[in-house]
Amino acid sequence: MLHYECFKGKDERKLDTETCAKVVERNKHLGLEEYRFLLRTMANSGIGEETYGPINVLQGREASPTLLDAYSEMDEIMFDTLDKLFHKIKGFVSPSDIDILVVNVSLFAPSPSLTSRVINRYKMREDIKSFNLSGLGCSASVISIDIVQRIFETRENAFALVVSTETMGPHWYCGKDRSMMLSNCLFRAGGSSVLLTNAARFKNRALMKLVTVVRAHVGSEDEAYSCCMQMEDKDGHPGFLLTKYLKKAAARALTKNLQVLLPRVLPVKELIRYAIVRALKRRTATKRESTSSGIGLDLKTGLQHFCIHPGGRAIIEGVGTSLGLTEFDIEPSRMALHRFGNTSSGGLWYVLGYMEAKKRLKKGDKILMMSMGAGFESNNCVWEVLKNLDGKNVWEDSIDRYPELSKIPNPFVEKYDWINDDTMSFIRV
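Keep in mind that this is a model prediction, so the values were computed, not measured.

### Things to note about the overall build of the protein chain
Consideration 1: Assigned secondary structure in the protein chain consists of 15 helices and eleven strands.
Consideration 2: On C-alpha atoms alone, the protein chain measures out to a radius of gyration of 22 Å, which is about the 22 Å that the 2.2 N^0.38 rule sets for 429 residues.
Consideration 3: For the protein chain, the C-alpha atoms occupy an extent of roughly 65 × 65 × 45 Å along the three principal directions.
Consideration 4: In the protein chain, the proportion of contacts linking residues at least 24 apart, taken out of those at least 6 apart, comes to 81%.
Consideration 5: Roughly 19900 Å² of accessible area belongs to the protein chain as shown, and the carbon and sulfur atoms make up 52% of that amount.
Consideration 6: Averaging the positions of the 59 positive and the 52 negative side-chain charges in the protein chain gives two centres separated by 6 Å.

Structure follows, in structure tokens:
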């Protein structure tokens, strides 16, 4: 990895408490109970006051988005990150040097494709290999990296760009189904661009080296397949459904993934210790004890940092508990969720940016990136840091306020404390 850039919107695009409440109030399909549900979800989401929203929602046009809204949102995110990236690498890599281009956006697949849009803007070569991915959810960035890695195996001295983002504006849910309201509370505008190469002459310039990629898919299970799905509610309002089976599907997919990935990156000594301890527990522990939480492996023996997809507070804390991680380990993901929200496939790079801004990444450290997405699937990869990293990035203007900022009471709770008053449940509009 030679360089990466994350998108940061303008101040007028921020979705603060007051703006979010106004968006909720505009939905005339909501009763008091749905209104309370939305506010309560926002209060418990772990998202702060500075996330960025799509322009049509901020302008009050969420119920009538246009194709131009989708294009404008994509152009802003993709071209902002790519312009900054090409500026940073100017002098040794230009747009005409790019051999492989992968763009992933789950909910928007126009014609011509978004890769064609990028190629046209930067006047890239005629023989460039382009891949436009859709429908892969929040884990599409790691899938894109896996595609690049496989092409690198057959092509020497190549450069690749991976652009990861999502379009929020045209898919804002305007109905009252609670399972479909969640996406409005969690997802925000954002994205990233990453430059990769397998040219040995650029090793001294590289930030990190890819160690391994593992992909797991449990979509053969009907419940796992349908727990994250784009659909219409019973009233015909399009949106994104998140069911209660999501947690179980995520756990199953992540388990399948780590069973393959961890033996590749953890020392043999730790694997042997784990096997012996597990065998002894099976002999002596009761059935209840044997189902205790935690995987039993000390991940810190082979991994120093953990990039958990900032999909929501419950996901971050659940993965942290299951893997035996500390508050320090999950802090980057929690802070990325607070500052930027769930930016879908680009979210992992905001977490990585936090680690770099905090000067945590030292030469030789290994980073586990964990992502989950619709399908249902879990796609993880491990990077090795090649130099001490302390570059300026998207966190530059706010890193000094974190993690202290997380201790400030949630603004939604402060302004809408009545949402937890159970007596309100007896009132019907």
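### Quick notes on the confidence of the model for the protein chain
Predicted coordinates in areas of low pLDDT are best not read in detail.
Consideration 1: Residue-level pLDDT values for the protein chain average 89, and 92% of them are 70 or greater.
Consideration 2: Taken as a whole, residues 423-429 scores under 50 in pLDDT and shows ten contacts with residues more than four places along the chain or in a different chain.

### Digging into the packing of aromatic side chains
Consideration 1: Counted by the stated rule, this structure contains twelve aromatic pairs.
Consideration 2: Taken together, a centroid distance of 5.4 Å and an interplanar angle of 80 degrees make the contact between Y71 and F108 edge-to-face. In this pair, Y71 sits in helix α4 (residues 67-88) while F108 sits in the loop between β2 (100-104) and α5 (114-122), placing the two residues 37 residues apart along the sequence. The same class applies to Y71 and to F108, which are both buried.
Consideration 3: Ring centres 5.5 Å apart and planes at 90 degrees place the aromatic pair W395 and Y402 in the edge-to-face group. The pair formed by W395 and Y402 is uniform in burial state, with each residue classed as buried.
Consideration 4: Here the aromatic cluster, defined as three or more aromatic residues joined through ring pairs, consists of Y52, F340, Y350, Y354, W395 and Y402.
Consideration 5: When the ring centre of F340 is taken as reference, the NZ or CZ atom of R339 above it lies at 4.5 Å.

### Details of the nonpolar core
Consideration 1: In terms of nonpolar packing, the biggest core is built from 76 residues, with M124, L196, W349 and L352 touching the most fellow members.
Consideration 2: Of all the elements, α4 adds the most residues to this core, at nine residues.
Consideration 3: If sequence neighbours within four positions are ignored, L352 has contacts with M1, Y4, M208, C307, L361, I367 and M369.
Consideration 4: Formed by 41 residues, the second largest nonpolar core is a distinct cluster that contains C228, F240, L246 and F306.

### Let's talk about the UniProt feature "active site" (unreviewed entry) in the protein chain
Consideration 1: Here the UniProt-annotated "active site" (unreviewed entry) positions come out as C138, H217, H305, H309, H338 and N342. Annotated residues spanning 205 residues; largest pairwise C-alpha distance 28.6 Å, indicating distribution over more than one region.
Consideration 2: With respect to the helices, strands and loops of the structure, H309 is situated in the loop between β9 (305-308) and α12 (313-322).
Consideration 3: Accessibility expressed as a relative area gives 2% for H309, which makes it buried.
Consideration 4: In terms of polar contacts, H309 uses its side chain to reach the side chain of N342, at 3.5 Å.
Consideration 5: Among the secondary structure elements, N342 is positioned in the loop between α13 (327-340) and α14 (347-357).
Consideration 6: Owing to a relative accessible area of 2%, N342 belongs among the buried residues under this scheme.
Consideration 7: Beyond its immediate sequence surroundings of up to four residues, N342 is in contact with C138, L186, F187, R188, H309, P310, G311 and L337.

### Considering the pattern of salt bridges
Consideration 1: Summed over all chains, the structure comprises 25 salt bridges.
Consideration 2: Of the charged contacts in the structure, one is a salt bridge between R273 and E270, with a shortest N-O distance of 2.7 Å. Of the two residues, R273 and E270 both sit in helix α10 (residues 268-284), three residues apart, roughly one turn of that helix.
Consideration 3: In this structure, D329 engages K300 in a salt bridge whose closest nitrogen and oxygen atoms are separated by 3.0 Å. Note that D329 is positioned in helix α13 and K300 in the loop between α11 (287-290) and β9, a separation of 29 residues in sequence.
Consideration 4: Judged by relative accessible area, D329 falls into the buried class, the value being 5%.
Consideration 5: Given the relative accessible area of 37%, K300 is considered partly exposed.
Consideration 6: Bridged by salt links that share partners, the residues D11, K14, E50, R339 and R401 form one connected network.

### So, unusual backbone geometry
Consideration 1: In this structure, the amide linkage connecting S111 to the following residue, P112, adopts the cis form with an omega of 0 degrees.
Consideration 2: Considering the arrangement of structural elements, one finds P112 in the loop between β2 and α5.
Consideration 3: Residues G375 and F376 are joined by a peptide bond in cis, for which omega reads 5 degrees.
Consideration 4: Along the chain, the position of F376 falls in the loop between β10 (366-373) and β11 (377-385).
Consideration 5: One non-glycine residue, S344, lies in positive phi territory at about 60 degrees.
Consideration 6: With respect to the secondary-structure elements, S344 resides in the loop between α13 and α14.
Consideration 7: You will see that K359, though not glycine, has its phi angle at about 60 degrees, which is positive.
Consideration 8: Along the polypeptide, K359 turns up in the loop between α14 and β10.

About the criteria used
Residues numbered from 1 in each chain as written. Predicted model: local features only at pLDDT ≥ 70, side-chain atom pairs only at ≥ 80, totals over all residues. Heavy atoms only, no water. Helix = DSSP H or I, 4+ residues; strand = E, 2+ residues; numbered from the N terminus. Rg over C-alpha atoms; globule rule 2.2 N^0.38 Å. Contact = heavy atoms within 4.5 Å. Areas by Shrake-Rupley, 256 points an atom, 1.4 Å probe, with all protein chains shown as cover. Lys, Arg positive; Asp, Glu negative; His and termini not counted. Charge placed at Lys NZ, Arg CZ, Asp CG, Glu CD. pLDDT = per-residue confidence, 0-100. Phe/Tyr/Trp six-rings, centres within 6.5 Å; stacked < 30°, edge-to-face > 60°. Buried < 20%, exposed > 50% of the residue type's maximum accessible area, 1.4 Å probe, protein only. Lys NZ or Arg CZ within 6 Å of the ring centre and 35° of its normal. Core = buried A, V, L, I, M, F, W, Y, C linked by side-chain atoms within 4.5 Å. UniProt positions renumbered as here; feature names shortened; annotations may be inferred. Polar contact = N/O pair within 3.5 Å; in protein donor to acceptor, adjacent residues only side chain to side chain. Salt bridge = Lys/Arg side-chain N within 4 Å of Asp/Glu carboxyl O.

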